[in-house]
Amino acid sequence: MIRTMFLSHRGESDDAPENTLPAFELAMQRQSDGIELDVRLTADKQVVCVHDDSLQRVAGVPLKVAEHDLQELQKYHPVPLLQEALQLLAPGALMQIELKGAPELIPWCKQLLDKFPEKRSCFCISSFESDTITVAADGFGDLPRVLLVDLEKVFGYFPTAEEVIKYLAPLKCGISFKADMRADADFVQKLKADGLRVVCWGVFTDELGLKMAEIGVDALTCNHAVALRKKYLELKKEC
């Protein structure tokens, strides 16, 4: 039986600043199943790990990532390069890379991933933007790609697996849905039976994360993924 992979969301971000090398290093030191991170392109065409389009939330300065060079950004926040994160990734650990900003990022990101052929089977591409996922198929045709979706917002209700499959068909990708207690094992298995990779995000409570693992998602992202994985495995032992 294949176990759900517990991915450290922006690194082990409950215990280190999100999307920084210390957060990624901590995930690998704790032997996390993998890392989820966000990437953007700077003005000098560097692929960096930052979630927001500016440094306002993480550093208190309103610098737009796309409008400034890496050196200037790093004066205010320890913005890491994607290449540095790739170098940290332990053998066998997964990395889910969320593409942020314009699709212009894709060829630059591809150049970096191509430098790590030995780790390529551990990469997964994600985005909230359907256009970006479509373009990513050209740059990363051999890698799993998942569309990040809040199903409640898209459908106005929690949909059936059949509705989700129809929604994703034109994009030819898997799904990372916002974790929801209404999802069950039948929902997940129907998606998988159609060949879709099934991931979830928004694991804001342990109860929600444990439920998502129990129904069999391929992976979930969590700010304290290693601790949640330990809790899940201990519960399984008791059963």
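Bear in mind the structure is a predicted one, so any value in this text is a computation, not a measurement. Throughout, a residue's number is its position along its own chain's written sequence, starting from 1. Two thresholds apply to this predicted model, a pLDDT of at least 70 for residue-level local features and 80 or more for giving and counting side-chain atom pairs, whereas whole-chain, interface and lining totals are computed over all residues. The side-chain values count all of the structure's non-hydrogen atoms but skip hydrogen atoms and water molecules.

Engineer: Help me out: how do you make sense of the layout of surface pockets in this one?
Structural biologist: Here the idea is plain: a probe the size of a water molecule rolls over the atoms and shows the empty space left. Of the volumes computed, that of the largest pocket is approximately 280 Å³. Every element with two or more residues in the lining of the largest pocket is listed here: strand E2 (34-41), strand E4 (94-99) and strand E9 (219-222). Ten residue types, Ala, Val, Leu, Ile, Met, Phe, Trp, Tyr, Cys and Pro, are classed as nonpolar, four, Asp, Glu, Lys and Arg, as charged, and the remainder, Gly among them, as polar. Looking at the lining of the largest pocket, its residues break down into six nonpolar, eight polar and six charged. Think of a 1 Å grid over the protein atoms and nothing else: a 1.4 Å probe that fits but is trapped marks a cavity, an open set flanked by protein within 12 Å on at least five of seven lines marks a pocket, and residues with an atom within 4 Å of a point count as lining. Grid points are joined across faces, edges and corners, and a volume is the space filled by probe spheres set on the points. For helices the rule is a DSSP run of H or I covering at least 4 residues; for strands it is a run of E covering at least 2, with both sets numbered from the N terminus onward.

Engineer: Looking at this structure, I do not really get the nonpolar core. What am I missing?
Structural biologist: The nonpolar side chains of a soluble globular protein tend to be buried with one another. Among the nonpolar cores identified, the biggest contains 33 residues, and Ile-175, Phe-177, Phe-187, Met-212, Val-217 and Leu-220 are the most heavily contacted of them. For this core, the secondary structure elements donating two or more residues are strand E6 (145-149), helix H8 (161-168), strand E7 (174-178), helix H9 (185-193), strand E8 (198-201), helix H10 (206-214), E9 and helix H11 (225-238). Ranked by residues supplied to this core, first place goes to H10 with four residues. Setting aside anything within four residues of it in sequence, one finds Phe-187 in contact with Leu-151, Phe-158, Pro-159, Thr-160, Ala-161, Val-164 and Phe-177. One finds Ile-35, Phe-116, Ile-125 and Leu-143 within the second-largest nonpolar core, a separate group that totals 28 residues. For our purposes a nonpolar core is just a set of buried Ala, Val, Leu, Ile, Met, Phe, Trp, Tyr and Cys residues, chained together by side-chain atoms within 4.5 Å. Exposure classes here rest on a 1.4 Å probe applied to the protein chains alone. A residue is buried below 20% of its type maximum, exposed above 50%, and partly exposed in between. Every residue pair with non-hydrogen atoms within 4.5 Å of one another is taken to be in contact.

Engineer: Honestly, the pattern of salt bridges in this entry has me stumped. Any pointers?
Structural biologist: Once the charged atoms of two side chains with opposite charge are near each other, the side chains can pair. Salt-bridge detection follows one rule: a side-chain nitrogen of Lys or Arg within 4 Å of a carboxyl oxygen of Asp or Glu. Throughout the structure, instances matching the rule amount to 22 salt bridges. A salt bridge links Asp-186 to Lys-190; its shortest N-O distance comes to 3.3 Å. Linking Asp-186 with Lys-190, this pair stays in helix H9, spanning four residues, or about one helical turn. Overall, the relative accessible area of 46% leaves Asp-186 in the partly exposed class. A salt bridge links Asp-206 to Lys-231; the nearest nitrogen and oxygen atoms lie 3.4 Å apart. With Asp-206 in helix H10 and Lys-231 in helix H11, this pair connects stretches of sequence that are 25 residues apart. For Asp-206, a relative accessible area of 24% translates into the label partly exposed. Residue classification places Lys-231 among the partly exposed residues on the basis of a relative accessible area of 37%.

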